[in-house]
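Letter by letter, the chains look like this.
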Amino acid sequence: MTRVPPYLVGFDALLLSLKDVPHRDVVKAITETASRYRDSAIQAQEVVQLMCARVREAPPNHKVPLLYAVDSILKNVAGRYISFFAQRLADIMRNAYSQVSGKDRERFRHLARSWTRPFKLPTYDPRNPPRPVMIFHNEFLQAVLAAVRLDGLGNPLPEAPPPPSQPQFSVGVGA
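Here the structure is a predicted model, which means the values were calculated and not measured.

Draft legend 1. Fine view of unusual backbone geometry. Phi angles above zero are rare outside glycine, and Lys19 is one such case at about 50°. Among the secondary structure elements, Lys19 is positioned in the loop between helix H1 (9-17) and helix H2 (24-36). The phi dihedral of Ala78 is positive, around 60°, even though this residue is not glycine. With respect to the helices and strands, the residue Ala78 is situated in the loop between helix H4 (60-76) and helix H5 (80-86).

Structure follows, in structure tokens:
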């Protein structure tokens, strides 16, 4: 059972409410709540730990909406969340991807592809300063791409051939 710090009980309720559909308003509320904790390393780390635990514990059809919430935090809040998620996200995605099928696998691939493209910097407007640009380390991206079976260009990898059957050896006796 996941330990939820008292100040994150409402945040956890939002995570659990996603179910199998990434409702835009819920993802936005999750992102806004996470942004309140971005300045505290301890609180941001606890947000990441909770989100990763919820992805691990979720039934297969609830995993992608939770990862969309992670994606929203990474792209809209950034800051400490980038390094904290980078430490865990490849393993989380590998585990989650192995549990989903069909449409959700394609949604995983789409999400991973969005992390391989450079983010556009908005034109500077003093009334609306640009948001931080997310930059992941190459090792992290390669781990995520491997987890969801994409090559370095974001293209699906061919399915691995089935393992060879055990060779049958016969031992000749005497000659």
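More follows now that the structure is in view.
Draft legend 2. Quick peek at H4. End to end, H4 covers 26 Å across 17 residues, agreeing with the expected 24 Å (1.5 Å per residue, within 8%). Summarising the contacts, the buried residues of H4 are in contact with H1, H2, helix H3 (41-57), H5, helix H6 (89-99) and helix H7 (103-114). Downstream of H4 by one or two residues, Ala78 has phi in the positive range, about 60°.

Draft legend 3. Region of the structure containing the packing of aromatic side chains. Taken as a whole and assessed by the stated rule, the structure comprises 3 aromatic pairs. Relative to Tyr37, the ring of Tyr7 lies with its centre 5.2 Å away and its plane at 55°, an arrangement referred to as tilted. Here Tyr7, found in the segment before H1, pairs with Tyr37, found in the loop between H2 and H3; they are 30 residues apart in sequence, far enough to count as distant. Overall, the relative accessible area of 12% leaves Tyr37 in the buried class.

Draft legend 4. Focus on the packing of H1 against H2. For the pair H1 and H2, interaxial distance at closest approach is 10 Å and the crossing angle is 155°. Taken together, the axis directions place H1 and H2 in an arrangement best described as roughly antiparallel. Where H1 crosses over H2, the two elements pack in a sense that is left-handed. Every residue of H2 that contacts H1 at Phe11, Leu14, Leu15 and Ser17 is listed here: Val26, Ala29, Ile30, Thr33 and Ala34. Here the residues of the contact of H1 with H2 are counted per class, giving 7 nonpolar, 2 polar and no charged.

Scoring rules and cut-offs
Residues numbered from 1 in each chain as written. Predicted model: local features only at pLDDT ≥ 70, side-chain atom pairs only at ≥ 80, totals over all residues. Heavy atoms only, no water. Helix = DSSP H or I, 4+ residues; strand = E, 2+ residues; numbered from the N terminus. Expected span 1.5 Å × (residues − 1). Contact = heavy atoms within 4.5 Å. Phe/Tyr/Trp six-rings, centres within 6.5 Å; stacked < 30°, edge-to-face > 60°. Buried < 20%, exposed > 50% of the residue type's maximum accessible area, 1.4 Å probe, protein only. Axes fitted to C-alpha atoms, helices over the stretch in contact; angles between N-to-C directions. Parallel < 35°, antiparallel > 145°, perpendicular 65-115°, else oblique. Left-handed = near helix turned anticlockwise from the far one by under 90°. Nonpolar A, V, L, I, M, F, W, Y, C, P; charged D, E, K, R; others polar.

By themselves these figures say nothing about function.
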